[in-house]
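A look at the structure
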There are 2 protein chains.
Amino acid sequence: MDLENLKQAGLKITVPRLKILHILHSGCKRHFTVDEIYQELIKQKASVGLATVYRVLAQFEACNLVSRVQLYNDQATFEAGQDRDHHDHMICIKCGKIVEFCDDIIEERQEKIAKKYGFKLKKHHMVLFCKCQNGCKNKEK
Amino acid sequence: MDLENLKQAGLKITVPRLKILHILHSGCKRHFTVDEIYQELIKQKASVGLATVYRVLAQFEACNLVSRVQLYNDQATFEAGQDRDHHDHMICIKCGKIVEFCDDIIEERQEKIAKKYGFKLKKHHMVLFCKCQNGCKNKEK
DNA sequence: ATTCTTGCAAAAGGTTTGCACGCCT
DNA sequence: AGGCGTGCAAACCTTTTGCAAGAAT
């Protein structure tokens, strides 16, 4: 349970932390920019400062309640969920829909390519930018 | 020839543009952050403003003399060379050495994965972070 | 009581823009 | 003269930090 993680990490159960946890887990959305969370807090009329959102997310990251993912070039994005297995992301450039996937063949090739050049692969970063084929009528993000 | 591109794009041949072009093509290095170029200009005692570096690189990008690549999360990076074929990057996290590569198997898998989820792949972003195996004694970047 | 948290404002770091001066034709 | 190009400073945007006041145990 999330609250256990907080306690174990020596973090107190506070209103801002609970509200942010709630946002992270409500609905089917799992990826949030800092500003998305901040705007949601404003919508809920919670008086939580932007600096607090940044601080809390960094703390959550440290105790594995969220992980930081680089989906866009300009804003930090956090992904809800604990101890997730490795995966990459596919994003619809029109509606923003995100799909997580992991492809063994690609993972294997990456290792081989690194080895071929005398490198040892430490991590990788891969995002596929796509368009949903059906039913995505939203405007470009 | 580079100067032709400039003229065709309606850009005048000026000292800052020539100096930046020269930096882009001298040596074997092909990837530069804005600041690397700016620092090199300072080292050469060229009085070129940082804003100019940004503006010139944006213009060079528009006429295909450089392309913008997202290698680090915090700083824009530009790659010298015109009309390059698609490729991805592998970076040594210790010495910063960059290798460009393109793997058909990965490219093909990316298409397939997109299709599998009902997406149409438009572009992708992939960077492998590695360690050189031999002879890389530099400190972490 | 003590330690942790927070909101606010200011600072930081990278990038862009406004503006007046300068250069070239 | 006219327009493009430039340096400088100021503005911008996201993120971080300092600090004094407030909460949690």
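Refer to the structure above for everything that follows.
**As for the overall build of chain A**
Secondary structure assignment for chain A yields five helices and six strands. N-terminal to C-terminal, the α/β element order of chain A is α-α-β-α-α-β-β-β-β-α-β. Taken along its principal axes, the extent of the C-alpha atoms in chain A is 50 × 40 × 25 Å. Expressed as a percentage of the 141 residues in chain A, the buried residues total 41%.

**Thoughts on the protein's contact with DNA strand C**
Taken together, 20 residues lie around DNA strand C, and Thr 14, Ser 47 and Thr 52 of chain A together with Tyr 54 and Ala 76 of chain B are the ones closest in. Each atom of DNA strand C within 4 Å of the protein was assigned to sugar, phosphate or base; sugar and phosphate come to 73%. One of the backbone nitrogen or oxygen atoms of Gly 10 of chain A is found 3.5 Å away from a phosphate oxygen of DNA strand C. Measuring from a phosphate oxygen of DNA strand C, one finds a side-chain N or O atom of Arg 17 of chain A at 2.9 Å. Secondary-structure elements contributing two or more residues to the surface near DNA strand C are α2 (15-25) and α4 (50-62) of chain A together with α4 (50-62) of chain B. Considering only residue class, the surface near DNA strand C consists of nine nonpolar, six polar and five charged.

**A word on the protein's contact with DNA strand D**
Neighbouring DNA strand D are 19 residues, the closest being Tyr 54 and Ala 76 of chain A together with Thr 14, Ser 47 and Thr 52 of chain B. Those atoms of DNA strand D that come within 4 Å of the protein belong to sugar or phosphate at a rate of 74%. Within the side chain of Tyr 54 of chain A, a nitrogen or oxygen atom sits 2.2 Å from a phosphate oxygen of DNA strand D. At a separation of 2.8 Å, a phosphate oxygen of DNA strand D approaches a polar side-chain atom of Arg 17 of chain B.

**A few points about the interface of chain A and chain B**
The partner chain B presents 35 residues to the 35 residues of chain A that form the contact. Where chain A abuts chain B, roughly 3,100 Å² becomes buried across the two surfaces, and 70% of that area is made up of carbon and sulfur atoms. Looking at the side of chain A facing chain B, the largest losses of area belong to Phe 119, His 125 and Phe 129 of chain A, adding up to 21% of the total buried there. The interface formed by chain A and chain B holds 12 residue pairs in polar contact (both at pLDDT 80 or more) in total. Put simply, the parts of the chain that give the side of chain A that touches chain B at least two residues each are β4 (88-92), β5 (98-101), α5 (104-116) and β6 (119-132) of chain A. With 14 residues, the single largest contributor to the side of chain A that touches chain B is β6 of chain A. Taken together, the residues of the side of chain A that touches chain B sort by class into 19 nonpolar, eight polar and eight charged. Relative to strand β6 (residues 119-132) of chain B, β6 of chain A is paired through 13 bridges, and the arrangement is antiparallel. By the bridge assignment for β6 of chain B, Val 127 of chain A is matched with His 125 of chain B.

**Section: unusual backbone geometry**
Residue and element names in this part refer to chain A. Of note, the phi angle at Lys 45 is positive, near 60°, even though the residue is not glycine. Considering the arrangement of structural elements, one finds Lys 45 in the loop between α3 (34-43) and α4. Residue Lys 45 is classed as exposed on the basis of its relative accessible area, which comes to 76%.

**Considering the environment of Arg 109 of chain B**
Mapped onto the elements of the fold, Arg 109 of chain B is located in helix α5 (residues 104-116). Not counting chain neighbours up to four residues away, the residues in contact with Arg 109 of chain B comprise Asp 103, Ile 105 and Ile 106 of chain A.

**Re α2 of chain A**
Residue and element names in this part refer to chain A. Three or more residues of α2 are buried, namely Arg 17, Ile 20, Leu 21, Ile 23 and Leu 24. The buried residues of α2 all sit within an arc of 160° when viewed along its axis, so they share a single face. Away from the buried face of α2 by more than 90 degrees, exposed residues Val 15 and His 22 are located. On its buried side, α2 packs onto α1 (2-8), β1 (31-33), α3, α4, β2 (66-69) and β3 (77-80). Positive backbone phi, approximately 75°, marks Gly 27, located one or two places after α2.

Thresholds applied
- Counting restarts for each chain: residues are numbered from 1 in the order of the written sequence.
- Numbering of ligands from 1 and lettering of chains from A proceed in the order in which they are written.
- pLDDT decides what is reported in this predicted model: residues at 70 or higher carry local features, side-chain atom pairs at 80 or more are listed and counted, and totals for whole chains, interfaces and linings draw on all residues regardless.
- As a rule here, side-chain values cover all heavy atoms of the structure and leave hydrogens and water aside.
- Only DSSP runs of H or I with at least four residues qualify as helices, and only runs of E with at least two residues qualify as strands; both kinds are numbered from the N terminus onward.
- Per-residue accessibility, obtained with a 1.4 Å probe over protein chains only, is compared with the maximum for each type, and a residue is labelled buried under 20%, exposed over 50%, and partly exposed between these values.
- Being near a molecule or strand, for a residue, comes down to having at least one heavy atom within 4 Å of it.
- In the analysis that follows, any N or O atom pair within 3.5 Å is treated as a polar contact, provided that within protein one partner can donate a hydrogen and the other can accept it, and provided that, for residues neighboring in sequence, both atoms belong to side chains.
- Note that Gly is not counted as nonpolar here; it falls among the polar residues with everything else outside the nonpolar set of Ala, Val, Leu, Ile, Met, Phe, Trp, Tyr, Cys and Pro and the charged set of Asp, Glu, Lys and Arg.
- In this analysis, two residues are considered to be in contact whenever any of their non-hydrogen atoms come within 4.5 Å of each other.
- By convention, the term buried area covers the 1.4 Å-probe accessible surface removed from two parts as they join, with the contributions of both added.
- Two strands are counted as paired when DSSP detects at least two bridges linking them.
- Note that the arc is defined by the directions from the helix axis to the C-beta atoms.

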